Amino acid sequence: MRMVDIIIKKRNGEILTEEEINFVIEGYVKGDIPDYQMSALLMAIYFRGMNIGETISLTKKMAYSGKVLDLSSISGVKIDKHSTGGVGDKTTLIFAPLIASLGYPVAKMSGRSLGHTGGTIDKLESIPGFKTNISEEDFIKQVRDIGIAIVGQTEDFVPADKKIYALRDVTGTVDSIPLIASSVMSKKIASGSDVIILDVKVGKGAFIKDINSARELAKIMVGIGKGFGKKIVAVLSQMDQPLGYAVGNSLEVVEAIETLKGRGPKDLTELIITLGVQTLKLVGEFHDEESMKKKIVESLEGGKALTKFRELVRAQGGDASIVDDYSPLLNAKLQKEIYSLDGGYVEDIDAYKVALSVMALGAGREKKEDKIDLSVGIKLYKKVGDKIEKNEPIVTFYANSSERLKKAQEIFKDAIRIGKKKKDPLPVVLEIIS
Ligand code: URA
């Protein structure tokens, strides 16, 4: 078999066989297939797509390209969750301790930022001392001991995705349905949990911009999960505007803790409750939605989820006092509040442009090895549909350099639109695909 023939076949819109897909993944992981040929194939897939058979073959080969986690020594129904990536998406930081506080083990391997979207691992690393690279043995022991662990993906965990993900990031091939589906589902299959909750983001700040494509992606991923014997559901959630008010690693941790204290933003709290209810439905121990919702709200408002978060932080070497004193998370050198020049209603807060503004502050990677600034970001004061008065604060920037602050402000100007006409708030949960 020759890689060039496989590239030409896909370029011409033909269907690849399982053998051809296996050849590509094995060759690329081993280093026999160079980045330039893989890039060409990814671009051909981007334009020509893949059918469901090809997507399943790709997912399977990627999932078993490295070591698969064995969670059998952890008792109970193991829960995993994945977001397709958004702006201000701190959901895992709340969802995981919430679910663990209800007695379901969460063994979560998370990623770093991809493109303009944030990553859970970067957010957790903004907590002083928090370690995300612990051994597989300690990871499993921690889940057995306290019911929760959130770690970065080890070198030998789905290496095919690691290499392809990094290449997609720099070749304009991230937003492809079969490539996202295989990337997400290979990791979910290799991570060994019984129940998978997918948060499929749709809108300006997501990789998938329209609801039809998001639905298609969700259906493919749910189908693949079921094929591998998993209990799985996908929640389509709105990502036209950022989730919550905070965007930027340490600021998002503060907002996540506030949500764990029962004082979170409305949209974020609603999404957490929905994801929680869907999880409990799959676990099958509750019969009606009202009692599931009650259980979740009780944990959030009664402090059980917060206690679990403290345990998680302590177990991974972090300073749990940040839960009560946010000052180590709010330590950017410069803070600048911006006020509205006009009164009216917030018509749009473009999540993608907000993300670009936050990246300009230093929160984004240009190259894989770049170190990002975890303390910078923005805190919004309004959501779409809110009324705003002239001279009312819209946003605070947290920056470490005045030059970067200037650039970020410039980008942000285009991110927000205020008009005179009343506008309805945006719904956060759009659809559930099970
Ligand atoms: N998240 C992933 O894990 N993979 C993608 O391709 C996109 C979002």
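Computed from a predicted structure; not experimentally measured. (Residues numbered from 1 in each chain as written. Predicted model: local features only at pLDDT ≥ 70, side-chain atom pairs only at ≥ 80, totals over all residues. Heavy atoms only, no water.)

## As for the packing of aromatic side chains
Okay, so step 1: A full pass over the atoms with the stated rule returns two aromatic pairs.
Okay, so step 2: Centre to centre, the rings of Tyr-46 and Phe-47 are 5.2 Å apart; their planes meet at 85°, and the pair counts as edge-to-face.
Okay, so step 3: On the numbers, 5.6 Å between centres and 85° between planes, the contact of Phe-397 with Phe-412 is edge-to-face. A residue pair is termed long-range when its members are at least 10 positions apart, and Phe-397 in strand β11 (residues 393-399) and Phe-412 in helix α16 (residues 402-413) qualify at 15 residues. The two residues Phe-397 and Phe-412 agree in class, both being buried. (Phe/Tyr/Trp six-rings, centres within 6.5 Å; stacked < 30°, edge-to-face > 60°. Helix = DSSP H or I, 4+ residues; strand = E, 2+ residues; numbered from the N terminus. Buried < 20%, exposed > 50% of the residue type's maximum accessible area, 1.4 Å probe, protein only.)

## So, the packing of helix α9 (residues 177-190) against helix α10 (residues 211-227)
Okay, so step 1: Across the interface, α9 lies against α10 with an axial gap of 10 Å and an inter-helix angle of 35°. For α9 against α10, the interelement crossing comes out right-handed. The segment α9 lies against α10, with Ile-177, Ile-180, Ala-181, Val-184, Met-185 and Ile-189 engaging Ser-213, Glu-216, Leu-217, Ile-220, Met-221, Ile-224 and Gly-225.
Okay, so step 2: Each residue belonging to the contact of α9 with α10 can be placed in one class, and the counts come to ten nonpolar, two polar and one charged. (Axes fitted to C-alpha atoms, helices over the stretch in contact; angles between N-to-C directions. Left-handed = near helix turned anticlockwise from the far one by under 90°. Contact = heavy atoms within 4.5 Å. Nonpolar A, V, L, I, M, F, W, Y, C, P; charged D, E, K, R; others polar.)

## A few points about the site of the ligand
Okay, so step 1: In the vicinity of the ligand, the residues found are His-82, Thr-84, Leu-114, Tyr-165, Arg-168, Ile-180, Ser-183, Val-184 and Lys-187.
Okay, so step 2: A distance of 3.0 Å separates an oxygen atom of the ligand from a polar side-chain atom of His-82.
Okay, so step 3: Take Arg-168: an N or O atom from its side chain is 2.8 Å from an oxygen atom of the ligand.
Okay, so step 4: Its free accessible area being 230 Å², the ligand has 97% of it covered by the protein chains. (Near = heavy atom within 4 Å. Polar contact = N/O pair within 3.5 Å; in protein donor to acceptor, adjacent residues only side chain to side chain. Areas by Shrake-Rupley, 256 points an atom, 1.4 Å probe, with all protein chains shown as cover.)

## Regarding empty space enclosed by the protein
Okay, so step 1: Under the defined criterion, the tally for this structure stands at three cavities of 30 Å³ or more.
Okay, so step 2: Estimates place the volume of the largest cavity at around 190 Å³.
Okay, so step 3: Looking at the largest cavity, it is lined by 21 residues, and the ones nearest its centre are His-116, Thr-117, Gly-118, Val-358 and Ala-363.
Okay, so step 4: The element that contributes the greatest number of residues to the lining of the largest cavity is helix α15 (residues 351-363), accounting for four residues.
Okay, so step 5: Residue composition of the lining of the largest cavity, grouped by class: seven nonpolar, eleven polar and three charged.
Okay, so step 6: Mapping the lining of the largest cavity onto the domain boundaries places at least three of its residues in each of domain 2 (79-159 + 168-323) and domain 3 (329-419). (1 Å grid on protein atoms, 1.4 Å probe; cavity = no way out; pocket = protein on both sides within 12 Å on 5 of 7 lines; lining within 4 Å. Points joined across faces, edges and corners; volume = space filled by probe spheres on them. Domains from an automatic or database assignment.)

## Re the layout of surface pockets
Okay, so step 1: The space that makes up the second largest pocket amounts to roughly 320 Å³.
Okay, so step 2: Around the second largest pocket sit 13 residues that line it, and Ile-338, Tyr-339, Leu-341, Ile-394 and Lys-413 are the ones nearest its centre.
Okay, so step 3: Listed by contribution, the elements that provide at least two residues to the lining of the second largest pocket are β7 (334-339), β11, α16 and β12 (416-419).
Okay, so step 4: Of the residues in the lining of the second largest pocket, the class split is nine nonpolar, two polar and two charged.

## So, the side chain of Thr-55
Okay, so step 1: Its location among the elements puts Thr-55 in helix α4 (residues 52-63).
Okay, so step 2: The exposure class assigned to Thr-55 is buried, which follows from its relative accessible area of 1%.
Okay, so step 3: Sequence-distant contacts of Thr-55, that is, excluding residues within four places in its chain, are made with Met-50, Pro-178, Ala-181, Ser-182, Ile-220 and Ile-224.

## Here we look at the domain arrangement of the protein chain
Okay, so step 1: Here the protein chain is described as being made up of domain 1 (3-49), domain 2 (79-159 + 168-323) and domain 3 (329-419).
Okay, so step 2: The centre of domain 2, based on its C-alpha atoms, is set 24 Å off from the matching centre of domain 3.
Okay, so step 3: Taken together, the contact pairs 30 residues of domain 2 with 26 residues of domain 3.
Okay, so step 4: Taken together, the connections running from domain 2 to domain 3 amount to two salt bridges. (Salt bridge = Lys/Arg side-chain N within 4 Å of Asp/Glu carboxyl O.)

## Overview of the pattern of salt bridges
Okay, so step 1: Under the definition given, this model contains 27 salt bridges.
Okay, so step 2: One salt bridge connects Arg-417 with Glu-347, and the closest N-O pair in it is separated by 3.0 Å. Of the two residues, Arg-417 sits in strand β12 while Glu-347 sits in strand β8 (residues 344-349), which places them 70 residues apart along the sequence.
Okay, so step 3: A salt bridge links Glu-389 to Lys-387, with the nearest nitrogen and oxygen atoms 3.7 Å apart.
Okay, so step 4: When its relative accessible area of 46% is taken as the criterion, Glu-389 is described as partly exposed.
Okay, so step 5: On the accessibility criterion, Lys-387 (47% relative accessible area) is partly exposed.
Okay, so step 6: Bridged by salt links that share partners, the residues Lys-204, Glu-347, Asp-348 and Arg-417 form one connected network.

## Comments concerning the nonpolar core
Okay, so step 1: Judged by nonpolar contacts, the single largest core of 77 residues is most densely connected at Ile-79, Ile-257, Val-354, Ile-378 and Phe-412.
Okay, so step 2: A per-element tally of this core places helix α12 (residues 266-283) first, with nine residues.
Okay, so step 3: Domain assignment of the residues forming this core places at least three in each of domain 2 (79-159 + 168-323) and domain 3 (329-419).
Okay, so step 4: Not counting residues up to four positions away in its chain, the partners in contact with Val-354 are Val-87, Pro-242, Val-247, Ile-349, Ile-378, Phe-412 and Ala-415. (Core = buried A, V, L, I, M, F, W, Y, C linked by side-chain atoms within 4.5 Å.)

## With respect to the packing of helix α3 (residues 35-48) against helix α8 (residues 159-169)
Okay, so step 1: Two elements in contact, α3 and α8, have axes separated by 10 Å at closest approach and are oriented at 75°. Judged by the inter-axis angle, α3 sits roughly perpendicular to α8. Residues Asp-35, Met-38, Ser-39 and Leu-42 of α3 form the contact with α8, whose own contacting residues are Ile-164, Leu-167 and Arg-168.
Okay, so step 2: Taken together, the residues that form the contact of α3 with α8 break down as four nonpolar, one polar and two charged. (Parallel < 35°, antiparallel > 145°, perpendicular 65-115°, else oblique.)

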